[in-house]
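# What the coordinates show
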Amino acid sequence: MPFRDHRDFIETLKKTGDVIEVTKEVDWDLEAGAISRRVYEMGGPSIWFKKIKDYPEGFTLYNGSQGTWRRVAISLGLPPETPVREIYRVYEERLEKPIDPVIVDEKKAPCKENVLLGNHVDLYRFPAPMIHEGDGGRYIGSWDLVVTKEPETSWTNWGMYRFMIHNKRWLAGWPQPTSQLAHQMKKYYLPRNEPMPAALVIGTDPLAHMVATAPVRLGEDEARVTGSLREKPIELVKCETCDLLVPAHSEIVIEGEIPTDRIVPDGPFGEYPGYRSGTMAEGVGFRVKAITFRNNPILTMIALGVPIDDSSIAASLTAGIAMKMGLKHRGIPVVDVYVPPEGVTHLIFVSVNKGGTQVTQEVLNYFTARRVMVSKVIVLDDDIDVFDSGQVLHAFATKCHPGRGMLVEHYEGRANSLTPCYSPKERARLKGASVAFDATWPPEWPEEVVPVKASFKTIYSKEIQEKVTKNWKSYGFK
Amino acid sequence: MKKEYQTFVRQFKDLKEGRQELFIKDLTPGPQKYDTKQVMAEISSHPEKMTDGDILRIRSESGILLPQVWGIKILKELPESVPGQPWEDVFKAMGKS
């Protein structure tokens, strides 16, 4: 059975030992963020902060829903110990059967238990955390999903974008200028000079948040994708002030609009590449018109930073599968794609069943065709298990020719400005470069000259292998 | 008791003494800490000379804190937002308003 909401999920995590409840009072101003960050770096559990300074009982913070592969497995209804490769397989398999959402009456939507409208709107009613020292503000939207819609096609986008409190009734955020939200804004709302309705959703089905990190194709509804992962429809309910639909079991929904003619400063923020970098004051404003929330709302957050955390894990899975599907769609002989969380979607491992310069170039072309989030790709033969970083490093070190094995593509206007090595000027112009490392054997080499990998399974005959394994204990090994 | 505020600049060298339009964050402890206002203010790198002023802390675009505090005297509160299009540089937009 899929989880209905974050509360069900946390209850399960209690049983598996993957959440700790902190009952001591914690300050929303840096303390909750610092604790959460330290726990990520220790590989610890998710954290439910139950008593927050300055806030009444029942207003709580929860960090880290997808911060380990265990928690991702649990959110998919799999055993906690499920190997990463198997999690990838299940995710890919479930995506093949999209399931439409269902719309429920507001009486059946817990997110409508409390409704603040007009002058009653006050973002300071919620314990939005100041996550890192030096952040531009209190990011109430860090582990969120933001709902927007194309007015003509009704295509609804869910994306995970950062939003901080500007004042009582305004948020400031930074969906990337190459994001799908930006696509909708630039295509429809800016030309008409009409504000874009938006809803910022906090604390819903954990899979919905994960899908919001996914590079889903333009025009595809993330609500359907969430249904496929849940193997059951997600329940949606109409907003109070616009016709957007939001998950009915959300903890908090902030409704409003993104104006086309007014802006407020956002950032900086300690972002997913693991740095607080210079993307600041170039975002969007969000004028809040209503807030609906459950009784005793749980504000979900992520103390983003150096991997591994929820972002690097979720993006590993969602981006990895999307890339594999995209490469296949282009006719590239891809076998596996792994996005190592440590590489924070800047570094990708791709295995192919036929390598060489041409295939490597095609892989690079795929990654640089539109908005470019990836700066380094290692292309490998399919005898390498891409989920084993040791094998990947060995192949990269030995098979990638230092002269002809690196293919570089430069571009402008579509780079990922959060790439820490880009200069301020490059970030401002969305200028960047991507490199593909060809760590495959050239297909034109005659088979008899290709170096033979000196591993037990590849350099000895079957007979010797069988003899050795059969006699293993008799040699004195256990 | 002087109040404390915080503002952000891209680089510290962008700071200019005197009358400025600024977005400032109120650092008064409590549930509304970091509330942001746009103001017209007088700022000075010599806070000790601004006897009727408050304290201004300054951070760069990477959030790095300038070790020296400045002084600030708020002259007027301005609208909470500035005219501009999404993804436009707020600092440049402020200059135009």
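Residues numbered from 1 in each chain as written. Chains lettered and ligands numbered in written order. Predicted model: local features only at pLDDT ≥ 70, side-chain atom pairs only at ≥ 80, totals over all residues.

### A look at the overall build of chain B
When helices and strands are tallied, chain B shows 1 helix and 6 strands. Over its C-alpha atoms chain B spans a radius of gyration of 13 Å, differing by no more than 12% from the 13 Å that the globule rule assigns to 97 residues. Taken along its principal axes, the extent of the C-alpha atoms in chain B is 40 × 30 × 25 Å. Within the span of chain B, comprising 97 residues, buried residues form 31% of the whole. Counted over contacts in chain B with a minimum sequence separation of 6, partners at least 24 positions apart contribute 48%. (Helix = DSSP H or I, 4+ residues; strand = E, 2+ residues; numbered from the N terminus. Rg over C-alpha atoms; globule rule 2.2 N^0.38 Å. Buried ≥ 20, exposed ≤ 12 C-beta atoms within 10 Å, placed from the backbone. Contact = placed C-beta atoms within 7 Å.)

### A closer look at the interface of chain A and chain B
Across the contact, 33 residues belong to chain A and 28 residues belong to chain B. Elements represented by at least two residues in the side of chain A that touches chain B include exactly strand E8 (163-167), helix H5 (180-192), strand E14 (262-263) and strand E15 (284-293) of chain A. Each residue belonging to the side of chain A that touches chain B can be placed in one class, and the counts come to 15 nonpolar, 10 polar and 8 charged. With 2 bridges joining them, E14 of chain A and strand E6 (residues 82-83) of chain B adopt antiparallel strand pairing. When the bridges of E6 of chain B are listed, Arg262 of chain A appears paired with Pro83 of chain B. (Nonpolar A, V, L, I, M, F, W, Y, C, P; charged D, E, K, R; others polar. Pairing = 2+ DSSP bridges.)

### Side note on the domain arrangement of chain A
Residue and element names in this part refer to chain A. When the domains of chain A are assigned, the result is domain 1 (6-301) and domain 2 (330-442). Here domain 1 and domain 2 have C-alpha centroids that lie 30 Å from each other. Contacts between domain 1 and domain 2 engage 12 residues on the former and 12 residues on the latter. A breakdown of the residues in the side of domain 1 that touches domain 2 according to their chemical character gives 5 nonpolar, 5 polar and 2 charged. (Domains from an automatic or database assignment.)

### A closer look at the pairing of strand E5 (residues 70-78) of chain B
All names here are of chain B. Bridge analysis of strand E3 (residues 36-44) against E5 gives 7 bridges, and the strand direction is antiparallel. By the bridge assignment, Ile43 is partnered in E5 with Ile72. Where strand E4 (residues 54-59) and E5 come together, 3 bridges link them in antiparallel fashion. Its bridge partner being in E5, Leu56 is matched across the sheet by Trp70.

### Concerning the sheet that holds E4 of chain B
Backbone hydrogen bonds hold the strands of a sheet together, and the pairing may be parallel or antiparallel. Here we have 5 strands rolled up into a closed barrel, ordered E1-E2-E3-E5-E4 (chain B), and mixed in their pairing. Each strand of the sheet is rotated relative to its neighbour by a mean of 55 degrees, with strand direction disregarded. (Axes fitted to C-alpha atoms, helices over the stretch in contact; angles between N-to-C directions.)

### Points about unusual backbone geometry
Residues and elements named next belong to chain A. Of note, the amide linkage connecting Gly267 to Pro268 takes the cis form, showing an omega dihedral of 0 degrees. For the bond from Pro307 to Ile308, the omega torsion is 15 degrees, close enough to zero to count as cis. With respect to the secondary-structure elements, Ile308 resides in the loop between strand E16 (298-301) and helix H8 (310-329). In this structure, Val344 is a non-glycine residue whose phi angle is positive, near 40 degrees.

### A short note on the confidence of the model for chain B
On average, residues of chain B score 95 in pLDDT, and 99% of them reach the 70 mark or higher. Reported confidences for the modelled complex are a pTM of 0.96 and an ipTM of 0.98. (pLDDT = per-residue confidence, 0-100.)

### Comments concerning the nonpolar core
With 136 residues, the main nonpolar core has Val246, Val350, Val363, Val377, Val379 and Leu380 of chain A as its most contacted residues. Per-element accounting of this core gives the leading share, 7 residues, to H8 of chain A. Sequence-distant contacts of Val350 of chain A, defined by excluding residues within four places in its chain, comprise Leu327, Val334, Val337, Val363, Val377, Val379 and Leu380 of chain A. Ranked by size, the runner-up nonpolar core spans 9 residues in total, among them Ile24, Ile43, Trp70 and Ile72 of chain B. (Core = buried A, V, L, I, M, F, W, Y, C linked by C-beta atoms within 7 Å.)

### A few points about the environment of Ile131 of chain A
Residues and elements named next belong to chain A. Structurally, the position occupied by Ile131 is in the loop between strand E5 (114-117) and strand E6 (144-149). Along the backbone, Ile131 and Leu95 are 36 residues apart, and their C-alpha atoms lie at a distance of 33 Å. Non-local contacts of Ile131, meaning those with residues more than four positions away in its chain, are made with Gly33, Tyr139, Ser142, Gly270, Met301 and Ala303.

### Examining helix H9 (residues 357-368) of chain A
All names here are of chain A. Taking 1.5 Å per residue, 12 residues should reach 16 Å; H9 reaches 16 Å between its end C-alpha atoms and fits that length. Where H9 is concerned, the buried positions are Val359, Thr360, Val363, Leu364, Tyr366, Phe367 and Thr368. Buried residues belonging to H9 abut H8, strand E18 (347-352), strand E19 (376-381), strand E20 (406-412) and strand E21 (431-439). (Expected span 1.5 Å × (residues − 1).)

### Here's the deal with the sheet that holds E18 of chain A
Residues and elements named next belong to chain A. Read from one edge to the other, the open sheet built from 5 strands follows the order E17-E18-E19-E21-E20, with strand pairing classed as mixed. Across the chains shown, the open sheet's two edge strands, defined by having one partner strand only, are strand E17 (334-338) and E20. Going from strand to strand, the sheet's axes swing by 20 degrees on average, the running direction of each strand aside. Relative to E19, E18 runs parallel, the two sharing 6 bridges. Opposite Phe349, over in E19, you have Ile378 as the bridge partner. Packed onto the sheet, H9 meets E18, E19, E20 and E21 and runs at close to 150 degrees relative to E21.

### Describing H5 of chain A
Turn by turn, an α-helix covers 3.6 residues, leaving residues three or four places apart pointing in a common direction. Residue and element names in this part refer to chain A. The end-to-end C-alpha distance of H5, which contains 13 residues, comes to 18 Å, matching closely the 18 Å that a straight helix rising 1.5 Å per residue would cover. Largest kink in H5: about 40 degrees, centred on Lys186. Restricting attention to buried positions, one finds in H5 the residues Gln180, Leu181, Ala182, Gln184, Met185 and Tyr189. The inward-facing, buried residues of H5 contact E6, strand E7 (156-159), strand E10 (196-202) and strand E13 (252-258). Backbone geometry just after H5 places Asn193 at a positive phi near 55 degrees. (Bend = angle between axes of the 7 residues up to and from the residue.)

### Considering the packing of helix H4 (residues 84-95) of chain A against H8 of chain A
A pair of packed helices is captured by two measures, namely the crossing angle of their axes and the spacing between those axes. All names here are of chain A. Two numbers describe how H4 lies on H8: the axes approach to 10 Å, and their chain directions differ by 55 degrees. In terms of their interaxial angle, H4 and H8 are classed as oblique. Handedness of the crossing formed by H4 with H8: right-handed. Contacts between H4 and H8 involve Ile87, Tyr88, Tyr91, Glu92 and Leu95 on the former and, on the latter, Leu317, Gly320 and Ile321. Broken down by class, the residue content of the contact of H4 with H8 amounts to 6 nonpolar, 1 polar and 1 charged. (Parallel < 35°, antiparallel > 145°, perpendicular 65-115°, else oblique. Left-handed = near helix turned anticlockwise from the far one by under 90°.)

### Some remarks on the pairing of E10 of chain A
All names here are of chain A. The element E10 is largely enclosed, with a buried count of 7 among its 7 residues. Burial along E10 is two-sided: the residues Met196, Ala198, Leu200 and Ile202 and Pro197, Ala199 and Val201 are all buried. Bridge count between E6 and E10: 4 bridges; the pairing is antiparallel. Counterpart to Val146 in the pairing with E10 is Leu200. Direction of pairing for E10 relative to E13: antiparallel, over a ladder of 7 bridges. Counterpart to Pro197 in the pairing with E13 is Glu257.

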